Amino acid sequence: MSKPHLVLSGVHRHYGEGERTVRVLESADLVVNSGELVALVAPSGAGKSTLLHLCGLLESPQSGEIEIVGHLTSKLGDRARTQLRRSTVGYVYQFHHLLPEFTALENVVMPQLIAGKAQADAEQRAMELLDLLGVAPRATHRPAELSGGEQQRIAIARAAANHPRVILADEPTGNLDPETSDKVFAALQSLIRNEGAAALIATHNYDLARKADRIITLKDGRVVAHTV
Ligand code: ADP
């Protein structure tokens, strides 16, 4: 049964003070269930990155509640937030940020070692993910020896390495050609189904967004269903 892994209730987020206040989110509500992939499509400056940062506990709202896998976060201190983020959230960026001096496999193993997993188990998990994402044959290559699409699939594997219940992606196919974007998105989709994570993906690409379970946008600081 699907569970609400990510829940935002009445979230307000503004930047600045007084006349210069930029009200980005005003009473935003959102629920993303396990195994669900939600695409976030909105014009530049609408608040997509802000919403993702809030969901990823990288920023805090001025008011409202963000609940991740049943944990209320509004009253958590910095350390507890960081710990919750590390154990529940996987983040994929537009640019992969893979470590250049390490192989694809090592890049996916690393976050697991940091989380305290044994080397053999971490390697097994990494190979499973690389296989699922169709890049297992590239496991021993360094990022510079990989195509943009391969690099991005490895970044997705890295984000998923510690079994995050919530996967957030900010324009994950933003710098890829259409055909490669399709492949990367399909890989992301199969990963989410397979792992039962809740995913929120910001994208400008409508063709990809249409493949999501649902499309949302931001209007007057609220999250609303996107109608084409
Ligand atoms: P998007 O990702 O949709 O392009 P953002 O979430 O980056 O939008 O930004 C939403 C609005 O908030 C923009 O008007 C932006 O200028 C403003 N903003 C974002 N971050 C800050 C900040 N740290 N300080 C002031 N304004 C900000």
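Because the structure is a prediction, the values reported are computed rather than measured. (Residues numbered from 1 in each chain as written. Predicted model: local features only at pLDDT ≥ 70, side-chain atom pairs only at ≥ 80, totals over all residues. Heavy atoms only, no water.)

Student: Quick question: what am I supposed to make of the layout of surface pockets here?
Tutor: Where empty space is left can be seen by rolling a probe of water-molecule size over the atoms. In this structure, the largest pocket spans a volume of roughly 710 Å³. For the lining of the largest pocket, the secondary structure elements donating two or more residues are helix H2 (78–88), strand E6 (89–92), helix H3 (104–114) and helix H5 (148–160). Here the lining of the largest pocket is composed, by residue class, of 11 nonpolar, 6 polar and 3 charged. (1 Å grid on protein atoms, 1.4 Å probe; cavity = no way out; pocket = protein on both sides within 12 Å on 5 of 7 lines; lining within 4 Å. Points joined across faces, edges and corners; volume = space filled by probe spheres on them. Helix = DSSP H or I, 4+ residues; strand = E, 2+ residues; numbered from the N terminus. Nonpolar A, V, L, I, M, F, W, Y, C, P; charged D, E, K, R; others polar.)

Student: Would you mind going over the sheet that holds strand E7 (residues 166–170) with me for this structure?
Tutor: Strand pairing within a sheet occurs via backbone hydrogen bonds; the two strands may be parallel or antiparallel. In space, the 6 strands of this open sheet follow the order E6-E7-E8-E3-E9-E10, with mixed pairing throughout. Two strands in the sheet have a free side with no partner beyond their single neighbour: E6 and strand E10 (222–225). Neighbour-to-neighbour, the strand axes of the sheet open up by a mean angle of 25°, direction not taken into account. In the packing of helix H6 (residues 178–195) onto the sheet, contacts are made with strand E3 (37–40), E7 and strand E8 (198–202), and the angle to E3 comes to roughly 140°. (Pairing = 2+ DSSP bridges. Axes fitted to C-alpha atoms, helices over the stretch in contact; angles between N-to-C directions. Contact = heavy atoms within 4.5 Å.)

Student: I would appreciate a short explanation of unusual backbone geometry in the present structure.
Tutor: Both trends apply: most residues other than glycine have a negative phi, and most peptide bonds are in trans. Positive phi values are uncommon outside glycine, yet Glu171 reaches one of about 50°. Along the polypeptide, Glu171 turns up in the loop between E7 and H6. Notably, Asp220 is not glycine yet its phi reads approximately 50°, a positive angle.

Student: Any chance you could explain the packing of aromatic side chains here in plain terms?
Tutor: The geometry of two aromatic rings is summed up by the distance between their centres and the angle between their planes. This model, assessed by the stated rule, comprises 1 aromatic pair. Measuring from ring centre to ring centre gives 4.8 Å for Tyr91 and Tyr93, while their planes differ by 25°; the resulting arrangement is stacked. Assessed through its relative accessible area of 13%, Tyr91 is described here as buried. Overall, Tyr93 belongs to the partly exposed group, its relative accessible area being 34%. (Phe/Tyr/Trp six-rings, centres within 6.5 Å; stacked < 30°, edge-to-face > 60°. Buried < 20%, exposed > 50% of the residue type's maximum accessible area, 1.4 Å probe, protein only.)

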